[in-house]
Amino acid sequence: MKFIRKYLRSRRRAALNVPSTSDTSSAPNIPTAIEKFTPEAFVFEPRRSYALPNHDGTLAIYTIRSNEIDGCQSVDLHVIDIATGDSRLLARQVSEVTWLGDGSNTVLFTEVSLLDTTIRTIDAGMSPSERQEVGYMSSRLEHLRIKPLQDGSIALAVIALTNADGSLRDTTAETTSGGGLVYDNYRVQEFNKFVSSERYSIFYSSLTKVKGHWELTGPLHNALPTANLEPIGAYVSYDPSDNYDISQRGITLAACDPKNTASTAVYYVPIDSFAKASVHGPVKVGAGSEGIHEDSRNARFSPDGSAIASLRNTYAAPDKYQIYIHRLGSSKAINVYDMVIGKEWSLIPTSFEFAPNGHSLYMTAEHRGRTGLYKVDLQPNGSPKTLLCDGSVESFYPLSENDTERLLVTSSSLVESSLYQIVDANGDREPTVVSSATNHGARFNLSPSQVSEISFQGGGDYHVRAWMVRPRSFDESRKHPLVILVHGGPKYSWNDKWVNSMFHLPLWAEQGYVVVAPNITGSIGYGVEFTRAIQDNWGGRPYEDLVKCMEYLENVPYIDTDNAVIAGASYGGYMVNWIQGHPLGRRFKAMVCCCGVFDIPTNLLQSDMINDSGDTFGGSPRLWESQEGVERYNPARPDLLPNWTTPMLVVHGAMDYRCPIANGLATFHALQLLGTPSKFLVFPFEGHGIGNDGNLLQYYHEVFAWINKYTGIANRTKVVDDPKPESSDIKNSGIENCVISR
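Attention here is on the structure that accompanies the text. Throughout this document, residue positions are counted from 1 along each chain, in the order its sequence is written. For this predicted model, a pLDDT threshold of at least 70 governs which residues receive local features, and a threshold of 80 or more governs which side-chain atom pairs are given and counted, while totals over whole chains, interfaces and linings are taken from all residues. Computation of side-chain values: all heavy atoms of the structure, hydrogens and water removed.

A look at the pattern of salt bridges
Salt bridges are defined by distance alone: a side-chain nitrogen of Lys or Arg within 4 Å of a carboxyl oxygen of Asp or Glu. Per the counting criterion, the structure on display carries 22 salt bridges. Close ionic contact of Asp 639 with Arg 637 constitutes a salt bridge, the shortest N to O distance being 2.8 Å. A relative accessible area of 48% means that Asp 639 is categorised as partly exposed. Linked by salt bridges that have partners in common, Glu 111, Arg 120, Arg 131 and Glu 133 make up one network. Here the term buried applies to any residue with accessible area under 20% of the maximum for its type, exposed to any over 50%, and partly exposed to those in between, with areas from a 1.4 Å probe on protein chains only.

Now the structure itself:
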């Protein structure tokens, strides 16, 4: 443990001065490159957020999250000089941060605890600079948005829980009585949480300057006091602030009926004064010409506040999000593809923002294992132009307040955890690197040359693309054991992106494996039809794609397909179970099933994702009305279970409500009854995935020990050479994680 604590102290010091440019030779304060990319190096690397530029494009702010083995973490605010790349610490222990937007270098940030919130400002242009308190609320306020107003004040909006009467809930007065929760509709759980008996809402107020200091003008007002609406995303892992926006005129949001989250729409709440309660209720923004849209998100005001844009799709085309713009006062929204581009775009946007002048849109979209940045001018026959399609774009902002020529973009890749670049908004110049957190992977002893792409014939008349990552010790003259990773979703994809999760491809490769991550049928970024083909086909085409993948890899001279393992989570865990019952399962030495599905019929009724409108399995989601459909690709079919003979490690979180833990228990119990070598790793306080860093470290040690045992790597060399944390050092609400084996 001394080594780990020493390592963490060094990483903590490194967090205070992140590498400022891709050239680290002249920067003595940059940490030395590590010898080997280990689970410890990965899990406890300080994590840098996106960069947010100030009004004149000279500075940018970001946060760094540092982790400790005992579960403690710190989120600190930093500022970087965009011209020089030099950065410095501004404030410790912050939650959300943004520029105040008043033309100064004042930063507004929150300090959020489990019970209350303090709002403060700090001057990023001064060193040292003191925090100034703006306001305190005895409530947990999250997902902050602000907007400078014409009268010099600042509009502020947050998301928080309400009381039954619509007022802001005082979380400091809450007591844990241990009582039960009562529900009268299917929405009991969402992702990793039980749904609250009260709803979330958007609250707003304004900030004014009094004697040189900013102050909260008055109480927070509920934008939806009587409406039976709730902002979407309050319970899930992505940021709900992506789905609402504020302007001089009011608030726009994507929302749903709390009792029917399957259908969402965009609303507009007119606000006469952000200092007063609104007398206006929410108005539903008009739908497109083809009828009612069942899923809406990414609500955005145009820069002048006269129009609202959003991403929308229909149940008739659930994988085809398109951008609609609704002019306030009009009854309908226009489809940007129909009215501007004039034809269907081959890519599906995942997010968008207006350019500062309102004449263009910047969009992100997944394309062949990458998340690119694109621009379309809002004029007839405007064609989307590629601005950046290298790695995965995570955020983008105009470099300065009214800059239509340059963007500050944050991205990552499989070997680079955080890259800040200035990107030409017309796509005419090469990007300029402002800061690379890992010197393009070199600090982790990783290289882009370890990563490549392959393409092979799929289970039909189409090709499947896959990422291949080789270990740093790769020797083309000898054979290496193989790991195949199956992604979740199933409508998801493996991207050229740094992920702080259970399946970071280079970390698996550094154990000594060639890692192949195929984007099988159902993956995003390879055309709408390729994604839609997963419908009623969970164990069909995707399984055949994996069979073809193994056949292709048999002809790669440096891959030992006779010494292979396979792993997956969520849908990937389902697929591992499905493969166990089929001939492909006998091709692997070992398997790892994480938060997967054992029995489709019971999972349909237990999962938080009950949807009366879908046809995932070829018919009604009511399993008694579509028994043939749900059994067709069910891993727990009696004719398949006797085939489960490949050793398997099962991993599950007890608080997983997407694929409830009964799936993991049933998988493990079935293996035990069959006499198949198996282990069960359970995290009592984790949900659908692993959020605690100590747990993530334990996960990697258990998984790598399992697969290395069966591939023989553990006998050849001790690859996981950092000390394994003792169970007493991995804190999780006082209850140790359990590993059960046979």
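Observations concerning helix 10 (residues 662–674)
Helix and strand labels come from DSSP, where a helix needs a run of H or I of at least four residues and a strand needs a run of E of at least two; each type is numbered from the N terminus. Each helix should span, by expectation, one fewer than its residue count multiplied by 1.5 Å. Between the first and last C-alpha of helix 10 there are 18 Å, a value that for 13 residues agrees with the 18 Å anticipated at 1.5 Å per step. The first or second residue beyond helix 10 is Gly 675, which carries a positive phi of 80°.

Focus: empty space enclosed by the protein
Whether a set of points on the 1 Å grid over the protein atoms alone is a cavity depends on a 1.4 Å probe fitting there but being unable to get out, while an open set qualifies as a pocket with protein on both sides within 12 Å along at least five of seven lines; lining residues are those with an atom within 4 Å of a point. Grid points are joined across faces, edges and corners, and a volume is the space filled by probe spheres set on the points. Enumeration over the complete set of coordinates arrives at four cavities of 30 Å³ or more. If you add up the space inside the second largest cavity, you get close to 40 Å³. Every residue lining the second largest cavity is listed: Met 502, Cys 594, Cys 595, Val 651, His 652, Gly 653, Phe 683, Gly 687, Gly 689 and Ile 690. A per-element tally of the lining of the second largest cavity places strand 40 (residues 648–653) first, with three residues. For the lining of the second largest cavity, the class distribution of residues is six nonpolar, four polar and no charged. Basically, the charged four are Asp, Glu, Lys and Arg, the nonpolar ten are Ala, Val, Leu, Ile, Met, Phe, Trp, Tyr, Cys and Pro, and anything else, Gly included, counts as polar.

A look at helix 6 (residues 541–553)
Along its 13 residues, helix 6 runs 18 Å from first to last C-alpha, staying within 8% of the 18 Å computed at 1.5 Å per residue. Buried residues of helix 6: Pro 542, Tyr 543, Asp 545, Leu 546, Cys 549, Met 550 and Leu 553, and no others. Projected down its long axis, helix 6 carries its buried residues within an arc of 155°, all on one side. The arc refers to the directions leading from the helix axis to the C-beta atoms.

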